There are 2 protein chains.
Amino acid sequence: MCFFAIRSGANRLTIVMTKANDPVEMCAKLMSRLPGIGTRSARRLIYHMLERDRTTMRELGVMLQSAANDVEECGVCGIWRTPNTPCISCDNTKRDASIICVVATVQDMQAIDGSGASPWSFHILHGLLSPLDGIGPDDLRVHTLLQRIHTMKDELQEVVLATPPNSGGEATAMYLSGLLKNLNIRVTRIASGIPVGEELHFVDRLTLSSALSARREC
Amino acid sequence: MCFFAIRSGANRLTIVMTKANDPVEMCAKLMSRLPGIGTRSARRLIYHMLERDRTTMRELGVMLQSAANDVEECGVCGIWRTPNTPCISCDNTKRDASIICVVATVQDMQAIDGSGASPWSFHILHGLLSPLDGIGPDDLRVHTLLQRIHTMKDELQEVVLATPPNSGGEATAMYLSGLLKNLNIRVTRIASGIPVGEELHFVDRLTLSSALSARREC
């Protein structure tokens with residue numbers, strides 16, 4: 001349903017469309033809540049689907065609902081899965097269960113899997129420590145990680161802390177290494193330094209400093 | 001449900017996740033069909049909703065389905081509306097019915113409405129002529145425009161061709177002005193020239209040439 005409000009300008013009458021319950025505007029409004037999508041981009045996407053691809057629009061609607069209702073975290077590693085389906089980390093015998101790679105998000109896990117690294121087991125924290133935003137250890141999956149380590153202690157050889165090298169990632173890695181240091185397990189941190197293929201003089205000061213201090217024998 | 005394929009690399013075994021019927025992957029795949037959204041961006045958006053905003057995800061799902069199923073074109077002007085609701089152009093008595101502004105898309109209509117111009121009636125073509133893409137007059141709402149003009153001929157004073165000043169827009173405007181020239185109606189074309197506030201030396205050659213040849217008395 002559409003309503004109209006009349007706004008008078010300088011010698012001019014402009015009609016502004018005020019829309020309530022209009023599915024097109026509602027779709028655009030909801031989509032503009034997503035990160036990186038503004039009101040105009042959201043409208044462009046919705047108009048595109050309305051004009052050219054109603055099938056995708058319908059299917060996306062069904063799948064978004066299905067994902068929002070059904071997808072849950074695996075109780076052990078935190079990866080998303082639908083109920084009654086195997087977990088792609090825990091139930092996969094091809095993965096090395098003796099090394100747990102701790103990451104902040106599922107996207108980070110996929111990036112590591114896609115890098116051609118060894119197929120480790122994963123543990124998703126679903127976030128990073130951020131005291132300013134009120135995110136503490138209890139808001140992350142830290143307790144589950146400790147439980148998991150205690151359960152499989154004999155089998156476990158290494159915990160790789162693969163949180164990103166920014167303030168939140170470093171704080172989380174420091175906190176976790178502090179927690180794990182007395183457990184007699186090898187705890188490692190992924191290397192931070194010059195990205196492969198990058199020119200030295202284009203690299204920021206902190207990265208360069210980190211690369212220099214983490215130099216190793218060759 | 002998730003399946004696994006094993007891909008062997010140089011002395012290395014990589015596990016690639018192959019996912020079928022996984023709602024998360026399905027959502028990302030469908031969203032990556034939208035213009036300007038790649039696979040990684042689509043995943044980022046879906047993961048964002050899964051982690052932080054399941055309500056938006058659920059509501060967006062419902063509204064996308066509702067829009068895909070219910071939204072239709074107004075038979076007269078071509079603007080989208082839901083059945084049994086008034087059309088924001090045709091059923092709005094505040095709009096000047098004696099001037100029809102012809103535009104390519106609903107977004108263009110909204111841009112003109114938002115510019116503070118007089119509240120004209122609109123006619124949406126839902127596209128532009130593009131012989132290379134096989135889009136001819138029968139694929140646009142040209143026939144409906146002619147019918148509309150014939151029906152309201154005495155009342156109609158002007159048809160404003162507000163298609164964009166690019167190849168498709170110019171071709172469409174030329175085609176329409178050719179069709180309308182014998183109907184004894186004023187047919188106008190929006191001006192093309194230097195954007196307001198732009199420096200002359202930053203403007204492209206074609207725009208500058210167009211602005212010079214369209215110079216007027218002051």
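Residues numbered from 1 in each chain as written. Chains lettered and ligands numbered in written order. Predicted model: local features only at pLDDT ≥ 70, side-chain atom pairs only at ≥ 80, totals over all residues. Heavy atoms only, no water.

(A) Structural context of the relation of the copies chain A and chain B. Its rotation angle being 180°, the transformation that places chain A on chain B also includes 0.0 Å of axial translation and leaves an RMSD of 0.1 Å. Here the transformation between the copies is reduced to the relation of a two-fold axis. No C-alpha of chain A lies nearer the rotation axis than that of A:Gly61, which sits 1.8 Å from it. (Least-squares fit on C-alpha atoms with pLDDT ≥ 70 in both.)

(B) Main features of helix H5 (residues 142–151) of chain A. All names here are of chain A. Listed in full, the buried residues belonging to H5 are Val-142, Thr-144, Leu-145, Arg-148 and Ile-149. With its buried residues spanning 160° around the axis, H5 presents them on a single face. Turned more than 90 degrees away from the buried face of H5, the exposed residues are His-143, His-150 and Thr-151. Packed against the buried residues of H5 are strand S5 (96–103), strand S6 (120–124), strand S7 (158–161) and helix H6 (167–180). (Buried < 20%, exposed > 50% of the residue type's maximum accessible area, 1.4 Å probe, protein only. Helix = DSSP H or I, 4+ residues; strand = E, 2+ residues; numbered from the N terminus. Arc of directions from axis to C-beta. Contact = heavy atoms within 4.5 Å.)

(C) Representation of the interface of chain A and chain B within the structure. Counting from both sides, the interface comprises 64 residues of chain A and, opposite them, 64 residues of chain B. The contact between chain A and chain B buries some 6,400 Å² in all, and 69% of this surface belongs to carbon and sulfur atoms. In this structure, the connection of chain A to chain B is made through two salt bridges. For B:Arg33, the salt bridge identified is with A:Glu59, shortest N-O distance 4.0 Å. At the boundary of chain A and chain B, one finds 15 residue pairs in polar contact (both at pLDDT 80 or more). Of all the secondary-structure elements, those providing two or more residues to the side of chain A that touches chain B are strand S1 (2–9), strand S2 (12–19), helix H1 (23–31), helix H2 (39–52), helix H3 (54–70) and helix H4 (106–114) of chain A. Taken together, the residues of the side of chain A that touches chain B break down into 35 nonpolar, 14 polar and 15 charged. (Buried area = accessible area lost by both parts, 1.4 Å probe. Salt bridge = Lys/Arg side-chain N within 4 Å of Asp/Glu carboxyl O. Polar contact = N/O pair within 3.5 Å; in protein donor to acceptor, adjacent residues only side chain to side chain. Nonpolar A, V, L, I, M, F, W, Y, C, P; charged D, E, K, R; others polar.)

(D) The arrangement of the packing of H1(A) against H2(A) in detail. All names here are of chain A. Closest axis-to-axis distance for the H1/H2 pair is 8 Å, and the angle between their directions is 135°. It follows from the interaxial angle that H1 and H2 lie oblique. Judged by the sense of rotation from one axis to the other, the crossing of H1 with H2 is right-handed. Listed contacts from H2 to Val-24, Glu-25, Cys-27, Ala-28 and Met-31 of H1 are Ala-42, Arg-43, Leu-45, Ile-46, Tyr-47, Met-49 and Leu-50. For the contact of H1 with H2, the class distribution of residues is ten nonpolar, no polar and two charged. (Axes fitted to C-alpha atoms, helices over the stretch in contact; angles between N-to-C directions. Parallel < 35°, antiparallel > 145°, perpendicular 65-115°, else oblique. Left-handed = near helix turned anticlockwise from the far one by under 90°.)

(E) Region of interest: the sheet that holds S6(A). All names here are of chain A. Read from one edge to the other, the open sheet built from four strands follows the order S6-S5-S7-S8, with strand pairing classed as parallel. The open sheet has two edge strands with one neighbour each: S6 and strand S8 (186–189). Across the sheet, the mean angle from the axis of one strand to that of its neighbour is 25°, orientation sign disregarded. Bridge count for S5 against S7 is four bridges, and the pairing is parallel. What sits directly across from Ile-99, in S7, is Glu-158. Sitting on the sheet, H5 touches S5, S6 and S7, and the angle it makes with S6 is about 145°. Most of the contacts of H6 go to S8, to which it runs at about 170°, and overall it touches S5, S7 and S8. (Pairing = 2+ DSSP bridges.)

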